[in-house]
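Single-letter residue listing:
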Amino acid sequence: MEKWGDKRVVDTPISEAGFIGMGIGASMLGVRPVMELMFWSFHSVAFDQLVSNAACVRYMSGGLCHCPIVVRGPANGGTGVGATHSHIPEGLFAAFPGLKVCAPATPADAKGLIKAAIRDNDPVYFMENTLLYGNTGEVPDPAAGDHVVPLGVADIKREGSDVSLIAHGRSVIHALAAAEILQSEHGINAEVLDLRSIRPLDQDAILKSVMKTNRVVLVDESKPFGGVSAMVAMLIQDHAFDYLDAPIKRVCSIDAPAIYSKFVEHEQLPNPRRIVEKVLTIA
């Protein structure tokens, strides 16, 4: 605020339908707004703007109007705030043509992806995990060049040969922890692939990893019915079935509204123990 003033940083009224609609209109007139939702759970009160307007305006205008808007905010469970504040909607928004969705797991990817999102001419919905806000990690020095992570490019966070753990967002952190347990306690060398971008999805990276390890466990904080991992499982089944030496397995949030109890919610979400147990069923 001190640097840019109230014309660059705007504190809006708490009316998601209002300020998201305002941002979409501004983007159609050439501005590149970055809109923040306090929780992505509030998407429902701006659903018409987010889906019917932002996703469709370029297509329905025959390319005459672009909508280069970024909508960002926390999209996760695990903070003990109950079912109305703990939605994980990346799979929901990825289902709509015209929208792009990403979910970073590291500080470097968060910076690189947000820069790519702001520069993109389509609406990009940026899913952040509250429990990662305090994490630290290496971020490229700006003096070394422009650090941009392209949308639609996955990243191998850990090389492995025995099983692929494919995840996004905070689930990547759990997958890495599980991989260390699998290596130290069971001699299983797990590869961890971070999707980073949900749509566009890096199909080539997914298939390459599975074809190398021949086993896969998909880790996804979304609920299991119609989640991101369901789409990835179909992709693998369709294009890499002959490379699989075991069934595709998934570790998702247990299929119930977010549980308020901190200790029970920890078990509802993916965690390293649940991932390890699932891997051992196909090892």
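Just so it is clear, the structure is predicted and the values come from calculations on it, not from any experiment.

So, how was this worked out
- Residues numbered from 1 in each chain as written.
- Predicted model: local features only at pLDDT ≥ 70, side-chain atom pairs only at ≥ 80, totals over all residues.
- Heavy atoms only, no water.
- Pairing = 2+ DSSP bridges.
- Helix = DSSP H or I, 4+ residues; strand = E, 2+ residues; numbered from the N terminus.
- Axes fitted to C-alpha atoms, helices over the stretch in contact; angles between N-to-C directions.
- Contact = heavy atoms within 4.5 Å.
- Phe/Tyr/Trp six-rings, centres within 6.5 Å; stacked < 30°, edge-to-face > 60°.

Describing the sheet that holds strand β7 (residues 190-194)
Hydrogen bonding along the main chain pairs the strands of a sheet, whether they run parallel or antiparallel.
Phase 1: Reading across from one edge, β5-β7-β6-β9-β10 is the order of the five strands in this open sheet, with mixed pairing throughout. Where the open sheet ends on each side, the last strands, each with one partner, are β5 (155-158) and β10 (249-252). Averaged over all pairs of adjacent strands, the angle between their axes in this sheet comes to 25°, without regard to strand direction.
Phase 2: Summarising the sheet, strand β9 (residues 216-220) and β10 pair through four bridges and their orientation is parallel. Note on β10: the bridge partner recorded for Val217 is Lys249.
Phase 3: With respect to the sheet, helix α6 (residues 170-186) is in contact with β5, β6 (163-167), β7 and β9, its orientation differing from that of β7 by roughly 170°.

Let's talk about the sheet that holds strand β1 (residues 34-36)
Phase 1: Read across the open sheet, the five strands follow the order β1-β2-β4-β3-β8; overall the sheet is mixed. Because the sheet does not close on itself, it has two edges, and the strands there are β1 and β8 (197-199). Each neighbouring strand pair of the sheet contributes to a mean axis angle of 20°, computed without reference to strand direction.
Phase 2: Note that strand β2 (residues 70-74) and strand β4 (residues 124-128) share five bridges and pair parallel. Bridge assignment links Pro74 to a residue of β4, and that residue is Glu128.
Phase 3: Here helix α1 (residues 16-28) sits on the sheet and contacts β1 and β2; the angle it forms with β1, its principal contact strand, is near 170°.

With respect to the packing of aromatic side chains
Phase 1: As enumerated under the stated definition, the model contains six aromatic pairs in all.
Phase 2: With centroids separated by 6.1 Å and ring planes inclined at 40°, the aromatic side chains of Phe47 and Phe93 adopt a geometry described as tilted. Of the two residues, Phe47 is situated in helix α2 (residues 47-53) and Phe93 in helix α4 (residues 90-94); the sequence distance between them amounts to 46 residues.
Phase 3: Pairing Phe93 with Tyr125 gives two aromatic rings, centres 5.2 Å apart and planes at 90°, and the pair type is edge-to-face. With Phe93 in helix α4 and Tyr125 in strand β4, this residue pair connects regions lying 32 residues apart in the sequence.

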